Amino acid sequence: MKIIFHIILSIIFLQHTVASDIPVYSLGGDLEINITEKSIETDFIITNFEEEKKDSLLFILNDIFEIKSMSINDESVEFDISNENCFDCNYYNVPIKKTNKHDKLRISAIGYFSNEKNKGKVDYKGLISYKEGILRASEQAKWYPVIIEDKRTPSFAVKTMYNYDLNVLCPECKNIFVGDGMPKQKEGTFKSTTPQNSILLIAGNYDFTATDNGIYLNLSDSEVNVLESNIESILDYYGQISGIRITKKIVYAHLPSDNKKWGGFVSFPVIVDVNKKAQIRRLHYISHELAHFYFGDIYIPKSNLFWFYLESFAEYFSYKYLLNNNAASIVRDYERLKKIRMAQRIPFFKSIKGYNFRFVKLKKVEDISDVTGIHRYSIGGFQLLGIDKEIGEEKMKLLIREVFQHLDENEHGYTTLINALKKIGIDESIISMIEKKYFKKLKYREYKFIKEKIKSSNHSAI
Ligand SMILES: [Zn+2]
């Protein structure tokens, strides 16, 4: 298995690349974490601005931070602060007429973290959390400044591409992890010369294990062994169906959260498992999170169908893997589809919690939040399996590349999908059939092909 893994790894050495129109900034500076005082003191320096006329420079920072000073080219600058529509964060608006190549924006801030501070909030990726002696801060939690290019993108979805070079000091920490690579003890410099849009910080009282394929934080040796073989198998398969092999060392961190309904998140190349007990055998969970290395990092979701492009595509990859390797674990999701369908037809079901559900016609979606949780996780993935069935795996590969390349805040996400189908050469009549079968209504019978697949697999089931 390992040999095959390494052969595939060396043959398909497709580094994921950054689209040329996305600006890349440099993020440097110092960070000091004091566990006793529960404080983070930062002195960030952002450089590599584009030569551009603009009326202001806009960035976001988590709302635990208070700015001590801000300067451009060592001259202090005025700024406005607003938390309107910012989820656990603040917008900072710096009036500026033009940015120049050699500009240096310096932001010094201090923030106090604690679970006390998060009291009353439900833990999620956008919070800076401190639990069991471990500090966790993802890119969504904006522990570093995230620059806004397009004001229409919601605060939780904004990411900035950075080359970074950060010095982090935490004398009371056993280990510090920033972005990717090996954790460092108490103090370290963390660098990336390839642009990254997700820099995760994990600092505190934890141990780690490094293997050939991964780095495992806060997990026992026996947990590491099981995880490693599952991750290999999933990434092998994703490499095949996408044509893109994830070449970075995977990092898997077990950081239990108080939110019991939450399974985890991904900050490429890190999977964070927030369950009380690490979910090392749950293939659906692991395959969904690994799929976010594609959907969320290589393929950036945009438009009013943001959640469909992020979560339903991740579910689609996960379902594909499960159907091929562990079909039994998809049965519950498949059966749920039937219940959702019934809930629509029989009013009685609507009174049962979780079933008061209305089918979302993606074509009619206006606002980003119109794509409901049930649609994102329990229907969208099956709709994509439906397209896959009609056009085949090879065309699906092309469709994914085409559609994500053209997603735009100005265009309806459904229009982009239909146009992409046309562009890759799918016949108009097949496109109408796809719309009718999967997107106009929820028709359980159209998904019977999944039942057949489960039956024909050797993994028991229905
Ligand atoms: Zn997800």
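These figures come from a predicted structure and were not determined experimentally.

Chemist: When you look at the pairing of strand β10 (residues 105–112) in this model, what are you seeing that I'm missing?
Modeler: Remember that side chains alternate between the two faces of the sheet whenever the strand is regular. With respect to burial, β10 is a largely interior element, 6 of its 8 residues being buried. Two elements, strand β2 (residues 39–47) and β10, share 8 bridges in a ladder whose sense is antiparallel. Its bridge partner being in β10, I45 is matched across the sheet by R106. Pairing of strand β5 (residues 65–72) with β10, which is carried by 7 bridges, proceeds in the antiparallel orientation. Its bridge partner lying in β10, E66 is registered against I110.

Chemist: Explain the sheet that holds strand β4 (residues 56–62) here, please?
Modeler: Consider a sheet: its strands pair through backbone hydrogen bonds, and that pairing is either parallel or antiparallel. Pairing within the open sheet is antiparallel, and its 4 strands lie in the order β7-β8-β4-β13. Two strands bound the open sheet, and with one partner strand each, they are β7 (80–82) and β13 (146–147). Where β7 lies against strand β8 (residues 89–95), 3 bridges are found, and the strand directions are antiparallel. If you follow D80 over to β8, its bridge partner there is N93.

Chemist: I would appreciate a short explanation of the state of the cysteines in the present structure.
Modeler: By definition, a disulfide links the sulfur atoms of two cysteines through a covalent bond. What the rule picks out here adds up to 2 disulfides. Here C86 pairs with C89 through a disulfide, and the sulfurs are 2.2 Å apart. The chirality of the disulfide connecting C86 with C89 is left-handed, given an S-S dihedral of about -110°. Among the residues examined, C89 registers a relative accessible area of 4% and is labelled buried. Each disulfide pairs two cysteine sulfurs, and for C170 the partner residue is C173, the sulfurs being separated by 2.0 Å. With the S-S bond torsion at 70°, the cross-link from C170 to C173 turns out right-handed. Across the pair, C173 and C170 agree in class, each one buried.

Chemist: Explain the sheet that holds strand β12 (residues 134–137) here, please?
Modeler: The strand order across the open sheet built from 4 strands is β11-β12-β17-β15, with neighbouring strands paired in antiparallel fashion. A strand with exactly one partner marks an edge of an open sheet, and here the two such strands are β11 (129–131) and β15 (175–178). Taking the axes of each pair of neighbouring strands and ignoring which way they run, one obtains an average angle of 10° across the sheet. Note that β12 and strand β17 (residues 201–204) share 4 bridges and pair antiparallel. Residue pairing in the sheet places R136 in a bridge with I202 of β17.

Chemist: I'm lost on the coordination of the zinc ion in this one. Help?
Modeler: A four-donor tetrahedral metal ideally has 109.5 degree angles, and a six-donor octahedral metal ideally has angles of 90 or 180 degrees. Coordination of the zinc ion by the protein involves H288 (NE2), H292 (NE2) and E311 (OE), with metal-donor separations of 2.0 to 2.1 Å. The sequence pattern formed by the donor residues of the zinc ion is H-x3-H-x18-E. Residue H292 is found in the loop between α3 (283–291) and α4 (306–325), and its partner E311 is found in helix α4; the two are separated by 19 residues along the sequence.

Chemist: Explain the environment of I431 here, please?
Modeler: Turning to its location among the elements, I431 is positioned in helix α10 (residues 428–439). Considering only alpha carbons, one finds I431 and N175, 256 residues apart in sequence, at a separation of 53 Å. When near neighbours in sequence (up to four residues on either side) are disregarded, I431 contacts I418, L421, K422 and I426.

Chemist: Mind showing me how you'd approach the confidence of the model for the chain here?
Modeler: Across the chain, pLDDT averages 90, with 92% of residues at or above 70. Contacts of residues 1–20 to residues separated by more than four positions or lying in other chains number 27 contacts, the stretch itself having pLDDT below 50.

Chemist: I would appreciate a short explanation of the side chain of S198 in the present structure.
Modeler: With respect to the secondary-structure elements, S198 resides in the loop between β16 (187–196) and β17. Classification of S198 by relative accessible area gives buried; the value is 4%. Here N197 takes part through its side chain, which lies 2.9 Å from a polar atom of the side chain of S198. Beyond its immediate stretch of four places on either side in the chain, S198 contacts E139, Y144, K159, S267 and F268.

How each quantity is defined
Residues numbered from 1 in each chain as written. Predicted model: local features only at pLDDT ≥ 70, side-chain atom pairs only at ≥ 80, totals over all residues. Heavy atoms only, no water. Buried < 20%, exposed > 50% of the residue type's maximum accessible area, 1.4 Å probe, protein only. Helix = DSSP H or I, 4+ residues; strand = E, 2+ residues; numbered from the N terminus. Pairing = 2+ DSSP bridges. Disulfide = S-S within 2.5 Å. Axes fitted to C-alpha atoms, helices over the stretch in contact; angles between N-to-C directions. Donors = N, O, S within 2.8 Å, 3.2 Å for Na, K, Ca; no water. Contact = heavy atoms within 4.5 Å. pLDDT = per-residue confidence, 0-100. Polar contact = N/O pair within 3.5 Å; in protein donor to acceptor, adjacent residues only side chain to side chain.

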